[in-house]
Amino acid sequence: MFAYRTLFRIDRVFGFTSRCFQSKPESFSILSFRGSEKSAMDGYKKQKMVNLVWRPISTQTSSVIAEAGNEVQEVAQCSKSSDVSKEVIEGETASVVSAGKHSVSLEVGASLIKFIRGKEGTTQMKLEEEMGVKIILPSSRNKDHISIEGGSVDCVTKASKRIATIIDEVVRSPSLDYSHFVSLPLAIHPELVDKLVNFQNSILGIHSIASDKQDDQANRATTSVAVDLKANSETNQVNVGIKSIPIVSYPPKAKSKSSTLLDLGIEKSIFIKPSTFHLTVVMLKLWNKDRVNAACDVLKSIFPSVMDALDNKPVFIRLKGLDCMRGPLDKTRVLYAPVEEIGDEGRLLRACQVITDAFVKAGLVLEKDAKQSLKLHVTVMNARHRKRRKNNKKKMETFDAREIHKQFGNEDWGEYLIQEAHLSQRFVFDQNGYYRCCGSIPFPGEQRA
C-alpha cells in the first residue's frame, strides 16, 4: 500500500514537470520499507515533499535526484525564454527581458554613484517610487555599474533617462570636482624644487627655530644678581649686602610667528607641494574608464600636430616674480609665478591650444572651460587647499599675501625646459610624488646651444 502511494506521488510530479521540459531518460528506484506498517509510516513521514524551483532567467533545464539515507530530494528547474534577450559586456548597456521582468545595466562611474544614491538614499528612493523600478547600486566604491530592474521596458527606459539627466547636471556643476588635467611637469627639475622648498620654509619660519633656542639660552646666561656676604666677628652673624641691583623691565610677550601667520590666513596646507609643480593646460572631468581611455587616445593622436606647433624645436620658459589671481593681495585666493616663454615666439601657447582644441572636439571639456583663455602660470599657494580646523566651522577662503609679495615679488625662479605633456590624474600620485600619469607625449628635448 505504501509503495503504491510513493509511486503515485512521483508519477504526479513527473507528469506535471513533463509539461515544462523533456528530460533525458533516467532510471529511478522506488524505496520500499520492510517491517511493520508503523515503521513504514514513520519512514513515509521522513520523506521530504517534492519541491519545484522555478528560475525564470535560466534557459537550461535539469532534473536531479539525490538519495541520502531515507531522504529523497528532487529539484526541477523549468524556464521559459523570452523573445528579447541582449547582453553587452565591458562598459556598454546590458538589457535583459525575462518572465515579465526587464533590467538594464549602466556604467556611470564610481564618483557619480553617491549622487544617484542621494543624502541618506533619498534620491534613489524617490526614483524607485516615481518610476516603479528597483535601482541596485554597487557595494564597492571601485565598481562603476548600476542596475535598474522594472516590470516593463517603458519604466526602465524612463528611469535610465532620468539618471542620465542627474549625471549631466552633476557634471556641469561644481559638486563634481575635476578628476584629470593635462599638465606640463616642472617638478622634474630638482633646482626648481629646492628653490620652492626654501621659499616655503622661509615664510613658515622653519629656519628660525634653532636661532630662537640659541637666543633664549644666551638671555638666561646673562641674567645674574650680585650678593655680598660678610661675617661679623663680634656677633658671629652673617650680614647680607645687596649692591645696586639694576631695575629690569620686561616687554610684553610678543606673538609667535606661527600665530601671526594664522592671523594672516597663512598655513602649511595652502602651499603647493613642490613635487607636484606643473603648468596646467586644460582641466577635465573624466568620471569613468571609457572617458579616461578616450582622453589618452586624443593626447596620443595629436602628437604630430603638437610637434608642428613647436616647430620641432625645444621650448624653454622663465619663472619670475609672484602675482595673485584676481583681487587684492590682502585677500588672495591663488598666488602664482608668471610664465614667460624664452624667445617670445608663442610656440608653447600654440602647442597648448592644439591640445585644448582636440579635447574640446572630443567632447571631453566642459563648455564653460572651453571658452576660457589660457594663461600659463605656476601656482605656489592656493587657499582652496586649506584644511579645516576642528574649532572652525568655516575655513578661510583667502590669505594676506602682501608681505610675501614684498619679499618675493621679483624673485627669479630660473629657466626650465618643457619636456613632455601628461594626462594627469588628480589626488593620485606616483612614487616621486607627482600626479599619476595616464598617458603622455614628449616635447623636443635637445638642449640649447
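Scroll up to find the structure this text is about.
Note that the structure is a prediction, hence the values are computed from the model and not measured.

Trainee: Is there a simple way to explain helix 11 (residues 347-361) in this structure?
Mentor: An α-helix turns once per 3.6 residues; consequently, residues spaced three or four apart project the same way. Relative to the 21 Å expected for 15 residues at 1.5 Å per residue, helix 11 spans 21 Å between its end C-alpha atoms, a close match to the ideal helical length. When helix 11 is considered as a whole, its buried residues turn out to be R347, L348, A351, C352, I355, T356, A358 and F359. Directly beyond the C-terminal end of helix 11, a positive phi value near 75° is found at G363.

Trainee: Any chance you could explain the packing of aromatic side chains here in plain terms?
Mentor: Note on aromatic pairs: each is described by the distance of the centres and the angle between the planes. If you walk through the whole model with that rule in mind, you get six aromatic pairs. Taking the centre distance of 4.9 Å and the plane angle of 85° together, the rings of F199 and F408 count as edge-to-face. Here F199 is found in helix 6 (residues 190-204), whereas its partner F408 is found in helix 13 (residues 402-408), with 209 residues between them in sequence. Residues F199 and F408 agree in their burial class; the two are buried. Summarising the aromatic geometry, the rings of Y434 and Y435 are spaced 5.5 Å apart at their centres and angled 75° between planes, so their arrangement reads as edge-to-face. Among the aromatic residues, those joined into a cluster by ring pairs are F181, F429, Y434 and Y435. Taking NZ or CZ as reference, R291 lies 4.0 Å from the ring centre of W287, over its face.

Trainee: So what exactly am I meant to see when it comes to the pairing of strand 14 (residues 334-341) here?
Mentor: In summary, the side chains of a regular strand alternate between the two faces of the sheet. Relative to strand 14, strand 12 (residues 316-320) is paired through three bridges, and the arrangement is antiparallel. Among the inter-strand pairings, I317 is bridged to a residue of strand 14, identified as E341. The pairing of strand 13 (residues 323-324) with strand 14 spans two bridges and is antiparallel. Bridge pairing in strand 14 places C324 opposite L335. Bridge count between strand 14 and strand 15 (residues 377-382): five bridges; the pairing is antiparallel. Considered in strand 15, the bridge of P338 is made with H377.

Trainee: Can you walk me through the side chain of H422 in this structure?
Mentor: Within the secondary structure, H422 sits in strand 17 (residues 420-429). One polar contact links H422 to E420, side chain to side chain, over a distance of 3.0 Å.

About the cut-offs
Residues numbered from 1 in each chain as written. Predicted model: local features only at pLDDT ≥ 70, side-chain atom pairs only at ≥ 80, totals over all residues. Heavy atoms only, no water. Helix = DSSP H or I, 4+ residues; strand = E, 2+ residues; numbered from the N terminus. Expected span 1.5 Å × (residues − 1). Buried < 20%, exposed > 50% of the residue type's maximum accessible area, 1.4 Å probe, protein only. Phe/Tyr/Trp six-rings, centres within 6.5 Å; stacked < 30°, edge-to-face > 60°. Lys NZ or Arg CZ within 6 Å of the ring centre and 35° of its normal. Pairing = 2+ DSSP bridges. Polar contact = N/O pair within 3.5 Å; in protein donor to acceptor, adjacent residues only side chain to side chain.

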